[in-house]
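Fold and contact review
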Amino acid sequence: MSRFTVVWARDAEDGLAEIWIGANNRSEVTQAVTRIDSELSFAANEKGKPLSEGLRRLEMRPLVAVYSLSEADRLVEIVGILYKPGPSALSPSNEAGPA
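These numbers come from a predicted model, not from an experiment.

1. Things to note about helix H2 (residues 26–41)
In this model, H2 (16 residues) spans 23 Å end to end at C-alpha, consistent with the 22 Å of a helix rising 1.5 Å per residue. Every buried residue of H2 is listed here: Glu-28, Val-29, Ala-32, Val-33, Ile-36, Leu-40 and Ser-41. Tucked inside the fold, the buried residues of H2 contact strand S1 (5–8), helix H1 (10–22), strand S3 (55–60), strand S4 (63–70) and strand S5 (75–83).

2. Topic: the packing of aromatic side chains
Scanning the model with the defined rule gives zero aromatic pairs in all. Residue placement shows Arg-26 over the ring face of Trp-20; its charged tip is 4.3 Å from the ring centre.

3. So, the packing of H1 against H2
It is at 8 Å that the axes of H1 and H2 come closest, and there the two elements cross at 150 degrees. One way to sum up the angle between H1 and H2 is to call them roughly antiparallel. H1 and H2 meet at a crossing whose hand is right-handed. Facing H1, whose interface residues are Leu-16, Ile-19, Trp-20 and Ile-21, H2 presents Arg-26, Val-29, Thr-30 and Val-33. For the contact of H1 with H2, the per-class residue count stands at six nonpolar, one polar and one charged.

4. A short note on the pairing of S3
Alternating positions in S3 separate cleanly, Arg-56, Leu-58 and Met-60 being buried on one face and Leu-55, Arg-57 and Glu-59 remaining unburied on the opposite face. Of the strand pairs in this sheet, strand S2 (residues 49–52) and S3 are connected by three bridges, and their pairing is antiparallel. From the neighbouring strand, Lys-49 faces S3, where its bridge partner is Arg-57. Connecting the antiparallel pair S2 and S3 is a turn made up of two residues, with Gly-54 showing a positive phi of about 85 degrees. Examined bridge by bridge, S3 and S4 share six bridges and lie antiparallel to one another. Its bridge partner being in S4, Arg-56 is matched across the sheet by Tyr-67. Here S3 hands over to S4 after two residues, the two strands then running antiparallel side by side.

5. Quick notes on unusual backbone geometry
Of note, the amide linkage connecting Arg-61 to Pro-62 takes the cis form, showing an omega dihedral of 10 degrees. Tracing the chain through its elements places Pro-62 in the loop between S3 and S4. A positive phi angle, near 50 degrees, is found at Ala-43, a position not held by glycine. As for its placement among the helices and strands, Ala-43 is situated in the loop between H2 and S2. Its relative accessible area of 6% is what places Ala-43 among the buried residues. The phi dihedral of Arg-74 falls on the positive side, at around 55 degrees, and the residue is not glycine. Position of Arg-74 relative to the elements: it lies in the loop between S4 and S5. Taking relative accessible area as the criterion, Arg-74 reaches 27% and is therefore assigned partly exposed.

Conventions used here
Residues numbered from 1 in each chain as written. Predicted model: local features only at pLDDT ≥ 70, side-chain atom pairs only at ≥ 80, totals over all residues. Heavy atoms only, no water. Helix = DSSP H or I, 4+ residues; strand = E, 2+ residues; numbered from the N terminus. Expected span 1.5 Å × (residues − 1). Buried < 20%, exposed > 50% of the residue type's maximum accessible area, 1.4 Å probe, protein only. Contact = heavy atoms within 4.5 Å. Phe/Tyr/Trp six-rings, centres within 6.5 Å; stacked < 30°, edge-to-face > 60°. Lys NZ or Arg CZ within 6 Å of the ring centre and 35° of its normal. Axes fitted to C-alpha atoms, helices over the stretch in contact; angles between N-to-C directions. Parallel < 35°, antiparallel > 145°, perpendicular 65-115°, else oblique. Left-handed = near helix turned anticlockwise from the far one by under 90°. Nonpolar A, V, L, I, M, F, W, Y, C, P; charged D, E, K, R; others polar. Pairing = 2+ DSSP bridges.

Here's what the structure looks like:
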């Protein structure tokens, strides 16, 4: 398995800061960032989905990372981050209990 270095572009860091400040569940955002970094640090060329020429996306709710990949340099650069809130494994279940 190939190891990659993951770096964040300044605009992506700024976007993440804005998302984190406005998030209702900051720990969920922090956990998603950790998962993104972890996932992209190993075999990044096999992760995510192509977006357009040279860009890929990886969804780790509630975040979507947009990144470029240089296999020759073993480098991933996260160039954008989107907030996509919704149901997650960390949210409480909405199932009804016994009546």
